[in-house]
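Per-entry structural report
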Amino acid sequence: MKKRVLFVCIHNSARSQMAEALLKRLCGDQFEAQSAGLEPGKLNPIVVEAMREIGIDISGNKTKAVGDFIRSGTTFAYLITVCDETSAERCPIFPGVSARLHWSFPDPSSFQGTPEAKLAKTREVRDAIQQQIERWCEQVGCGRSASD
């Protein structure tokens with residue numbers, strides 16, 4: 001049975017969406033990945049583009065609320081916050097979570113500059129999330145990489 005993982009950030013519009021998609025690609029045979037936000041917003045189109053560049057289409061994804069998962073009674077083996085420390089502290093306690101982890105990444109919605117500059121910075125965040133997930137998968141015994 002796959003272990004459930006929930007990635008959480010503020011709006012579920014960027015970092016948590018990327019992490020969910022990347023875990024599904026890298027270790028989807030062992031984990032069931034989901035994502036949610038504390039205050040769900042709209043999917044960030046620059047993030048959609050950055051993911052499309054590496055062959056992952058998240059354009060049809062919807063943002064989801066953390067509270068909906070709590071109310072549904074869904075349990076998770078891992079809750080991973082991917083926002084900054086202050087925002088991560090706002091994440092509610094989930095019953096049944098075996099491990100709570102925090103991986104801090106910059107928020108693509110805060111990036112300034114031209115669309116090209118925002119996309120370049122978003123690529124950096126995407127790549128950092130992918131590297132973190134690859135390391136984590138190796139630690140928990142999945143051991144696959146993006147080239148598999």
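Each remark here, short or long, concerns the structure printed above.
What comes next is a walk through the structure.

Cut-offs used in this document
Residues numbered from 1 in each chain as written. Predicted model: local features only at pLDDT ≥ 70, side-chain atom pairs only at ≥ 80, totals over all residues. Heavy atoms only, no water. 1 Å grid on protein atoms, 1.4 Å probe; cavity = no way out; pocket = protein on both sides within 12 Å on 5 of 7 lines; lining within 4 Å. Points joined across faces, edges and corners; volume = space filled by probe spheres on them. Nonpolar A, V, L, I, M, F, W, Y, C, P; charged D, E, K, R; others polar. Pairing = 2+ DSSP bridges. Helix = DSSP H or I, 4+ residues; strand = E, 2+ residues; numbered from the N terminus. Axes fitted to C-alpha atoms, helices over the stretch in contact; angles between N-to-C directions. Contact = heavy atoms within 4.5 Å. Buried < 20%, exposed > 50% of the residue type's maximum accessible area, 1.4 Å probe, protein only. Arc of directions from axis to C-beta. Polar contact = N/O pair within 3.5 Å; in protein donor to acceptor, adjacent residues only side chain to side chain. Right-handed = clockwise from strand over helix to strand, strands pointing away.

Moving on: empty space enclosed by the protein. Applying the stated rule across the entire model yields one cavity of 30 Å³ or more. Here the largest cavity is characterised by a volume of approximately 40 Å³. Forming the boundary of the largest cavity are Cys 9, Ile 10, His 11, Asn 12, Ser 13, Ala 14, Arg 15, Asp 107 and Ser 109. Residue classes in the lining of the largest cavity are distributed as three nonpolar, four polar and two charged.

To continue, consider the sheet that holds strand S3 (residues 78-81). The strand order S2-S1-S3-S4 describes an open sheet built from four strands, whose pairing is parallel. Since the sheet does not close on itself, it has two edges, and those belong to strand S2 (31-37) and strand S4 (99-102), each with one partner. Put simply, the sheet's adjacent strands are angled 20° from each other on average, direction ignored. Relative to S4, S3 runs parallel, the two sharing four bridges. Paired with Leu 79 across the two strands is Arg 100, which belongs to S4. Helix H1 (residues 15-27) rests against strand S1 (3-9) and S2 of the sheet, and its axis sits at about 175° to S2.

For Arg 126, the location among the structural elements is in helix H5 (residues 115-139). Each residue touching Arg 126, except ones within four places of it in the same chain, is listed here: Met 18, Leu 22, Ala 50, Met 51, Glu 53 and Ile 54.

The α-helix winds at 3.6 residues per turn, so residues separated by three or four positions along the chain end up facing the same way. Of all the positions in helix H2 (residues 45-53), only Val 47, Val 48, Ala 50 and Met 51 are classed as buried. End-on, the buried residues of H2 take up no more than an arc of 165°, which puts them together on one face. Considering only its buried residues, H2 is in contact with H1 and H5. The N-capping residue of H2, defined by a side-chain oxygen 2.8 Å from the backbone nitrogen of Ile 46, is Asn 44.

Attention now goes to the pairing of S1. The buried fraction of S1 amounts to five of the seven residues, a majority that puts the element mostly inside the structure. Strand direction decides the pairing type here: S1 and S2, joined by seven bridges, are parallel. For Val 8, the partnering residue across the bridge sits in S2 and is Ala 36. Once the chain exits S1 it traverses H1 before rejoining the sheet at S2, and the crossover so formed is right-handed. Here S1 runs beside S3; their pairing, made up of four bridges, is parallel. Bridging across to S3, Val 5 finds its partner in Tyr 78.

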